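The primary structure of each chain is shown beneath.
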Amino acid sequence: MNISVQDVSSIMVLTGAGISAESGVPTFRGEDGLWRQYRAEELATPRAFYRDPKLVWEWYDWRRGLIGGCQPNQAHRTLVEIEARFEDFVLVTQNVDGLHSLAGSRKIVELHGNIWRMRCTQMCRPSWEDRSAVLRALPPRCPSCGEMARPDVVWFGEVLPGEAIETADTAARRCQLMLVIGTSALVQPAASIPLLALQSGATVVEFNPQPTPLSDHVDITVREPAAESLPRWWARWLVES
Ligand code: OAD
């Protein structure tokens, strides 16, 4: 690393499905990735939901069950340590699995929502958390107005939560160091966030066993699974600093 821990006052992290792969959560585009087995347009669009809400909810219920049995791994835990070390820290995730908060991370921006939250399709109240292992009736109903509830996640064709994307953009322009962990960098606008950081002069480190469209642009690429490589990288950086 060309900078030491003491020289960095502002750090940002962007994570994708790969950081949870070693926890047992399937990625989207890997070998056993969800989008290799299912068609996104049949399960993760507003159109698909209103055509067949029960089918879409069954898929989310299956994923909730799967994720519910997963625990954070060493990469999630290392990010908690990193957060404790830097005052100006933001963790931006595309993941909806909630494993960062389970690990103990605090400053989390969820760009694509959270699978453990639901919201009313009539927007009669703020979204709410529901961690039931199995949802009794599908589709679930809004407890306030009785209308259909939907997962509080971002589907294809939907706009990202404005505050989340603004926070991510600002952090990217401000940070001195950005860690990009386990994302294929194919889905916008998240994929452009590291480019903003690079343009603003930040050092960007990518952790991913596979090359991505970002790889040629970043300063350092660590081509190994994150649960092994991130703790090792962090320990080495501390020693070198
Ligand atoms: P992808 O499934 O597209 O990419 C996962 C990335 O993680 C790949 O580049 C893998 O090489 C890498 N990877 C796999 N195992 C890893 C490991 N152990 N350590 C580090 N990296 C590993 O997932 P995302 O980039 O998160 O959006 O996908 C972005 C968005 O596309 C998702 O948030 C989701 C999806 O459609 C929505 O649902 C809106």
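Bear in mind that the values here come from a model prediction, so they are computed numbers and not experimental data. (Residues numbered from 1 in each chain as written. Predicted model: local features only at pLDDT ≥ 70, side-chain atom pairs only at ≥ 80, totals over all residues. Heavy atoms only, no water.)

Caption draft 1: Spatial organisation of the overall build of the protein. Counting its regular elements, the protein contains 9 helices and 9 strands. Here the C-alpha atoms of the protein give a radius of gyration of 18 Å, agreeing with the 18 Å that 2.2 N^0.38 yields for 241 residues. C-alpha extents for the protein along the principal axes are approximately 55 × 35 × 30 Å. Per-residue burial over the protein gives 50% buried out of 241 residues. Contacts in the protein between residues at least 24 apart in sequence constitute 67% of all its contacts with a sequence separation of at least 6. When the accessible surface of the protein is summed, it comes to about 11,500 Å², and 49% of that surface belongs to carbon and sulfur atoms. (Helix = DSSP H or I, 4+ residues; strand = E, 2+ residues; numbered from the N terminus. Rg over C-alpha atoms; globule rule 2.2 N^0.38 Å. Buried < 20%, exposed > 50% of the residue type's maximum accessible area, 1.4 Å probe, protein only. Contact = heavy atoms within 4.5 Å. Areas by Shrake-Rupley, 256 points an atom, 1.4 Å probe, with all protein chains shown as cover.)

Caption draft 2: Spotlight on the sheet that holds strand E7 (residues 177-181). The parallel open sheet is built from 6 strands, whose spatial order is E3-E2-E1-E7-E8-E9. If you trace the sheet from one side to the other, it starts and ends with strand E3 (108-110) and strand E9 (220-222), each paired once. Ignoring strand direction, the axes of neighbouring strands in this sheet form an average angle of 15 degrees. Where E7 lies against strand E8 (residues 203-207), 5 bridges are found, and the strand directions are parallel. Residue pairing across strands places Leu177 opposite Thr203, the latter belonging to E8. Where helix H5 (residues 74-85) meets the sheet, its contacts fall on strand E1 (10-15), strand E2 (88-93) and E7, and the angle it forms with E2 comes to roughly 150 degrees. Sheet contacts for helix H9 (residues 226-240): E7, E8 and E9; angle to E7, the most-contacted strand, approximately 160 degrees. (Pairing = 2+ DSSP bridges. Axes fitted to C-alpha atoms, helices over the stretch in contact; angles between N-to-C directions.)

Caption draft 3: Broad picture of the site of the ligand. In the vicinity of the ligand, 23 residues are found, and the nearest of them are Glu22, Phe28, Arg29, Thr183 and Ser184. Ala17 places a main-chain nitrogen or oxygen 2.8 Å from an oxygen atom of the ligand. For the ligand, an oxygen atom lies 2.7 Å from a polar atom in the backbone of Phe28. Surface burial for the ligand is 90%, taken as the share of its 790 Å² of free accessible area covered by protein chains. (Near = heavy atom within 4 Å. Polar contact = N/O pair within 3.5 Å; in protein donor to acceptor, adjacent residues only side chain to side chain.)

Caption draft 4: Seen up close, the environment of Cys175. In this structure, Cys175 sits in the loop between helix H7 (162-174) and E7. Each C-alpha atom of the pair Cys175 and Pro143 lies 41 Å from the other, and the pair is 32 residues apart in sequence. When residues no more than four places from it in sequence are discounted, the contact partners of Cys175 are Ser10, Ile11, Met12, Ala197 and Ala202.

Caption draft 5: Fine view of the state of the cysteines. The tally for this structure, following the rule as stated, stands at 0 disulfides. Here Cys120 stays free of any disulfide, with the sulfur of Cys145 as its closest cysteine sulfur at 3.6 Å. Owing to a relative accessible area of 1%, Cys120 belongs among the buried residues under this scheme. For Cys145, a relative accessible area of 35% gives the class partly exposed. (Disulfide = S-S within 2.5 Å.)

Caption draft 6: Up close: the pairing of E1. Extensive coverage of E1 is indicated by the burial of 6 of its 6 residues. Burial along E1 is two-sided: Ser10, Met12 and Leu14 facing one way and Ile11, Val13 and Thr15 facing the other are all buried. Where E1 lies against E2, 6 bridges are found, and the strand directions are parallel. Among the inter-strand pairings, Ser10 is bridged to a residue of E2, identified as Asp88. One ladder, built from 5 bridges, connects E1 with E7; its direction is parallel. Each residue of the ladder has a partner; that of Leu14, found in E7, is Val180.

Caption draft 7: Spatial organisation of the packing of H5 against H9. Following both chains from N to C, one finds H5 and H9 inclined at 30 degrees, their axes separated by 7 Å at the closest point. One element, H5, and the other, H9, form an angle in the roughly parallel class. Residues Gln74, Ala75, Thr78, Leu79, Glu81, Ile82 and Arg85 of H5 lie in contact with H9, whose contacting residues are Ala226, Ala227, Leu230, Pro231, Trp233, Trp234 and Leu238. A per-class count over the contact of H5 with H9 returns 10 nonpolar, 2 polar and 2 charged. (Parallel < 35°, antiparallel > 145°, perpendicular 65-115°, else oblique. Nonpolar A, V, L, I, M, F, W, Y, C, P; charged D, E, K, R; others polar.)

Caption draft 8: Up close: the packing of aromatic side chains. Inspection of every chain in the model, using the stated rule, returns 14 aromatic pairs. The interplanar angle of 35 degrees and the centroid separation of 5.2 Å between the aromatic rings of Phe49 and Trp155 together place this pair among those described as tilted. On the criterion of sequence distance, the pair formed by Phe49 in helix H3 (residues 46-51) and Trp155 in the loop between strand E6 (149-153) and H7 is long-range, its members being 106 residues apart. In this structure, Phe49 and Trp155 share a single accessibility class: buried. Judged by centre distance (6.2 Å) and plane angle (20 degrees), the ring pair of Phe86 and Trp237 falls under stacked. Here Trp237 lies in helix H9 and Phe86 lies in the loop between H5 and E2, a separation of 151 residues in the sequence. (Phe/Tyr/Trp six-rings, centres within 6.5 Å; stacked < 30°, edge-to-face > 60°.)

In short, shape yes, function no, at least from these values alone.
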